[in-house]
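Understanding the architecture of this molecule
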Amino acid sequence: MAEAADFPGLTPSPARRWFRRAGVLLTGAPLLAGLLQLPASEPAYAAASDQVVVSVDSLTPSAPTDGDTLTVSGTVLNKGKQAVTAAHMDLRVGQRLTTRSGIDDVAARTDYVSGADGTAVGGNYVEKFPKIAPGVAQSFTISVPVDKLDLGQDGVYQIGLSLSGETAAEPYERVLGIQRTFLPWQPEEADTRTRTTFLWPLISTVHMTAETGPGELQTPVFLNEDLAAEISPGGRLEQMVSLGKDLDITWVIDPDLLASVDAMTGSYGIHNADDTNTPGTGQAVAKHWLAELQDAVVGKEVVALPFADPDLASIAHKGKNVTGILNHLKSATDVAASTVATILHTTPSTDFAWPASGAVDPSIIKIATSAGADKVIVRSDSLKETGDLPYTPSAARPVGGGTTAVVADMRLSTAFQGDMTNAGSSTLSVQKFLAQSLTATLQTKKQRTVVVAPQRMPSASQAQTMAEAITDLQNSNWSQPQDLTAAADTKPDPGANTKVPSASLYPPALKHQQLPESAFTTDIAATQETLDKFKIILTDKTRVETPFGRAINREMSTSWRGSSAAKGFREGVTSYLDKLTQQVKLIYKSETKLSGGSATIPVTVQNNLVQPVDNLVLRVTSGNPTRLKIGDDDYQEQSVAVSGGHSQSVKFATSSNANGPITVTAQLYTKDGQAYGDAVSFEVRVTEFTAMAMLVIGGGFLLLVLAGLRMYTQRKRAAARRAEEPGNEQEDEATEENAGPGNHDGPECRPQGESDPASRADAPEQPSDPTPDTAPDSAGPSGTGERVDR
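Conventions adopted
- Residues numbered from 1 in each chain as written.
- Predicted model: local features only at pLDDT ≥ 70, side-chain atom pairs only at ≥ 80, totals over all residues.
- Heavy atoms only, no water.
- Helix = DSSP H or I, 4+ residues; strand = E, 2+ residues; numbered from the N terminus.
- Buried < 20%, exposed > 50% of the residue type's maximum accessible area, 1.4 Å probe, protein only.
- Contact = heavy atoms within 4.5 Å.
- 1 Å grid on protein atoms, 1.4 Å probe; cavity = no way out; pocket = protein on both sides within 12 Å on 5 of 7 lines; lining within 4 Å.
- Points joined across faces, edges and corners; volume = space filled by probe spheres on them.
- Nonpolar A, V, L, I, M, F, W, Y, C, P; charged D, E, K, R; others polar.
- Expected span 1.5 Å × (residues − 1).
- Bend = angle between axes of the 7 residues up to and from the residue.
- Pairing = 2+ DSSP bridges.
- Phe/Tyr/Trp six-rings, centres within 6.5 Å; stacked < 30°, edge-to-face > 60°.
- Lys NZ or Arg CZ within 6 Å of the ring centre and 35° of its normal.
- Axes fitted to C-alpha atoms, helices over the stretch in contact; angles between N-to-C directions.
- Parallel < 35°, antiparallel > 145°, perpendicular 65-115°, else oblique.
- Left-handed = near helix turned anticlockwise from the far one by under 90°.
- Arc of directions from axis to C-beta.

What follows deals with the overall build of the protein chain. Looking only at helices and strands, the protein chain has 19 helices and 30 strands in total. Out of the 790 residues belonging to the protein chain, those deemed buried represent 46%. Across the protein chain, every contact between residues at least 6 apart in sequence was considered, and the portion connecting residues at least 24 apart equals 77%.

So, in structure tokens, the structure goes:
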């Protein structure tokens with residue numbers, strides 16, 4: 001039961017805490033008394049113990065065996081205002097640490113405590129400093145044969161480097177500064193080696209935009225040249241590859257990183273603040289880095305995360321109910337294997353999910369499995385041990401539904417966080433990592449598996465520290481490397497906790513870093529809606545499906561946690577997609593004039609895309625169908641297909657029955673009835689009879705009058721010719737003789753004032769003839785059914 005507090009997530013029992021506090025008080029009592037006396041030969045406790053800063057910059061070998069010589073090097077810095085005189089550096093060997101929590105306690109202490117910090121080796125193994133001036137740093141090196149350290153049984157020993165001296169204000173010897181570290185002692189091969197899996201993450205932030213250059217090549221566009229710096233010599237990712245190739249590790253790779261570097265091997269652009277692009281210059285380093293990585297992964301296990309490393313917790317807590325999000329997550333998993341296989345020429349494992357910091361709850365597990373993973377990398381401070389298991393259990397845990405939680409050890413996984421550019425911090429991290437590993441191994445003689453899942457994006461200095469620790473661990477007598485897949489397949493410890501913590505226990509600090517709900521419900525959903533509508537009209541959908549599908553994956557990346565740039569990236573994706581959709585549009589029309597009762601209206605559709613568009617319908621609607629009809633109704637539709645880089649005019653028949661302006665609206669629709677783009681409204685001004693129309697009508701009437709006049713003249717001349725012929729005169733006389741009282745054609749029956757037949761219009765004209773009653777040059781229209789010739 002005393003060991004229970006040594007496991008991640010467990011705290012010491014109240015009794016244990018009481019004994020600790022009592023021990024500190026009992027230890028501190030004589031020390032306080034010692035402050036009132038002149039110092040003895042063994043310095044006790046000094047209130048000014050932080051006057052000198054001691055840094056242990058190197059400890060070799062990190063895990064010595066019999067016959068080795070331990071060499072410790074570092075620096076001392078006098079932070080005080082007075083010089084330190086008669087100073088000497090001692091190497092102290094403290095107690096053997098038997099628990100993992102004991103190692104944490106020692107690492108947390110800062111002040112020197114007599115007894116707890118061990119005794120000085122002394123003798124010839126002391127570095128002396130006659131004087132250390134204020135603000136001056138001096139180096140030291142102490143080499144001690146291991147057999148002089150009086151190490152006992154196997155285990156971890158506390159090592160202290162303490163500087164003792166005096167000042168003018170306090171002219172007596174005391175400890176002015178101390179630095180503690182750990183010495184793993186396993187001179188012989190352990191009875192049972194721990195199988196250790198170390199994940200080597202090759203993950204970066206989002207670098208590519210959704211934008212591509214015009215033309216068939218679709219030149220990619222990057223946010224900046226940061227990726228080129230990361231893969232250049234000395235860069236973070238260059239160090240990860242050059243260091244990782246010599247280590248027994250499991251590569252955990254984000255396929256988006258590979259795709260981005262692969263895109264850099266050809267022509268690419270860099271997006272500028274003014275929305276222009278400049279050519280990228282990282283082609284050479286991209287090709288070299290990929291070649292090095294291809295060699296480094298040969299014969300190694302490669303785990304591919306879903307494309308762009310999606311934030312599973314953000315999706316589970318904020319976006320799982322948004323339409324299409326789970327489909328994007330699934331597609332990110334589907335494309336992962338092909339991306340890695342194509343670029344690295346190796347087949348990766350894609351059945352692992354890795355939530356941020358290894359923190360899980362039931363919804364995160366569910367999202368991970370819905371993406372196709374049946375193994376979830378969890379950290380032990382999330383899946384805490386709650387029982388009385390007296391040792392650190394193996395990593396594999398069945399958590400239900402056929403899902404295995406691969407539990408990474410929290411202490412080992414967080415050993416390399418912080419600033420590792422300082423040699424002292426790096427050395428301490430390595431020694432503490434080895435100490436925790438050995439202590440865990442010595443807890444039981446059972447064969448166990450341990451997984452180390454460090455931070456997702458280690459810095460170059462952190463990667464160097466990790467590589468040093470892995471090398472030392474692989475050369476040790478208590479550990480052996482193992483792949484992640486083998487660790488996940490290990491038989492679980494029956495007493496290990498398998499209950500996934502509830503959502504209420506998800507760490508608040510991690511919750512605050514999640515993507516906001518609006519990222520899913522507003523930004524990503526709007527992008528997807530626009531993309532779906534846009535794809536309908538394209539003849540080659542892959543030109544937008546692939547870049548924008550990957551862009552949406554990048555919008556959900558874990559790398560956005562805590563970043564203020566996430567919102568800007570999502571807005572950039574939406575903005576660029578809107579620009580593309582606006583390349584297919586209606587051309588603005590000014591006022592259109594229609595003459596007469598019917599005419600056609602042309603409406604122009606412009607396509608500035610490279611590829612043709614189809615599946616569009618153009619609808620033109622009259623604002624007043626009673627005055628102006630489009631076709632036979634108030635609107636008319638026509639299918640539209642436009643070649644890339646071209647425009648096309650579509651004509652619509654109209655009919656009107658009134659003069660004046662009428663508003664007409666043109667709108668594009670997709671085949672499924674969704675409005676596409678902005679509508680264009682314009683005025684149609686109808687003039688039923690214009691000056692030209694009147695001229696045409698007048699001309700037609702004039703032709704009609706002239707035709708009638710010609711017919712009249714021709715008849716008059718024909719009558720004159722008949723009168724001059726002899727037969728016609730005899731016929732006339734006979735007619736006159738035959739006329740009697742009963743004949744209505746006789747003169748008696750003629751109305752008063754009517755001339756006789758000799759005076760008809762077709763008779764030869766005489767001076768006394770009356771004027772015709774219809775003028776030959778009359779321009780007025782004839783009545784209905786009236787003949788022009790009488």
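Having put the structure on the table, let's press on.
Turning next to empty space enclosed by the protein. For the coordinates displayed, the defined rule picks out 5 cavities of 30 Å³ or more. Each pocket or cavity is described by its volume, and for the second largest cavity that value is around 70 Å³. What lines the second largest cavity is Thr196, Phe198, Asp248, Ile470, Leu473, Gln474, Ser479, Gln480 and Pro481. Mapped onto the lining of the second largest cavity, the elements with two or more residues apiece are strand 9 (194–202), helix 12 (460–474) and strand 21 (479–481). For the lining of the second largest cavity, a count of residues per class yields 4 nonpolar, 4 polar and 1 charged.

Another aspect to go through is helix 8 (residues 325–344). Taking 1.5 Å of rise per residue, the 20 residues of helix 8 would be expected to cover 28 Å, and the 28 Å separating its terminal C-alpha atoms lies within 8% of that figure. Its maximal kink placed at Val335, helix 8 deviates by approximately 25°. Listing the buried residues of helix 8 in full gives Ile325, His328, Leu329, Ala332, Thr333, Val335, Ala336, Thr339, Val340, Ile343 and Leu344. Note on helix 8: the residue one or two positions beyond its end, His345, has a positive phi of about 60°.

Moving on, we come to the pairing of strand 8 (residues 174–185). Across the 12 residues that make up strand 8, a large majority, 11, are buried. Of the strand pairs in this sheet, strand 7 (residues 155–166) and strand 8 are connected by 11 bridges, and their pairing is antiparallel. Opposite Gly160, over in strand 8, you have Arg180 as the bridge partner.

Let us look at unusual backbone geometry. Following Thr60, the chain continues into Pro61 via a peptide bond in cis, with omega recorded as -15°. Here Pro61 is to be found in the loop between strand 1 (52–60) and strand 2 (69–78). In this model, Asp150 sits at a positive phi of 55°, which is unusual for a non-glycine residue. Take Asp150: it is sitting in the loop between strand 6 (137–145) and strand 7. Exposure remark for Asp150: the relative accessible area of 68% places this residue in the exposed category. The backbone phi angle of Ala308 is positive, close to 75°, even though this residue is not glycine. Relative to the elements of secondary structure, Ala308 occurs in the loop between strand 15 (301–304) and helix 7 (312–319).

The next point concerns the packing of aromatic side chains. Counted under the stated rule, the structure contains 7 aromatic pairs. In textbook terms, an aromatic cluster arises when at least three aromatic residues are bridged by ring pairs, as seen for Phe198, Trp200, Phe416 and Phe433. In this arrangement the basic side chain of Arg456 is found over the ring face of Trp354, its NZ or CZ atom lying 4.4 Å from the centre. Here the basic side chain of Arg619 rests over the ring of Tyr669, its NZ or CZ set 4.5 Å away from the ring centre.

With that settled, the discussion passes to the sheet that holds strand 30 (residues 675–687). The sheet built from 5 strands is open, its strands ordered 23-30-29-25-27 with mixed pairing. A strand with exactly one partner marks an edge of an open sheet, and here the two such strands are strand 23 (592–595) and strand 27 (635–642). The sheet shows a mean angle of 30° between the axes of neighbouring strands, taken without regard to direction. Along the sheet, helix 15 (residues 517–536) contacts strand 25 (613–622), strand 29 (660–670) and strand 30; its crossing angle with strand 30, the most-contacted strand, is approximately 65°.

Looking now at the packing of helix 5 (residues 255–264) against helix 8. Contact geometry of helix 5 with helix 8 gives a least axis separation of 9 Å together with a crossing angle of 45°. Considered as vectors, helix 5 and helix 8 are oriented oblique to each other. Considering how the two elements wind past one another, helix 5 and helix 8 form a crossing that is left-handed. Of helix 8, the residues touching helix 5 (which contributes Pro255, Leu258, Ala259 and Asp262) are Ala336, Thr339, Val340, Ile343 and Leu344. Of the residues assigned to the contact of helix 5 with helix 8, the class counts are 7 nonpolar, 1 polar and 1 charged.

Attention now moves to helix 17 (residues 566–581). Here helix 17 contains 16 residues, and its C-alpha end-to-end distance of 23 Å stays within 8% of the 22 Å for a straight helix at 1.5 Å per residue. Restricting attention to buried positions, one finds in helix 17 the residues Ala566, Phe569, Arg570, Val573, Tyr576, Leu577, Leu580 and Thr581. Looking down the long axis of helix 17, one finds its buried residues gathered within 145° of arc, a one-sided arrangement. Those residues of helix 17 hidden inside the fold are in contact with strand 10 (208–212), helix 15, helix 16 (542–555), strand 22 (584–586) and strand 30.

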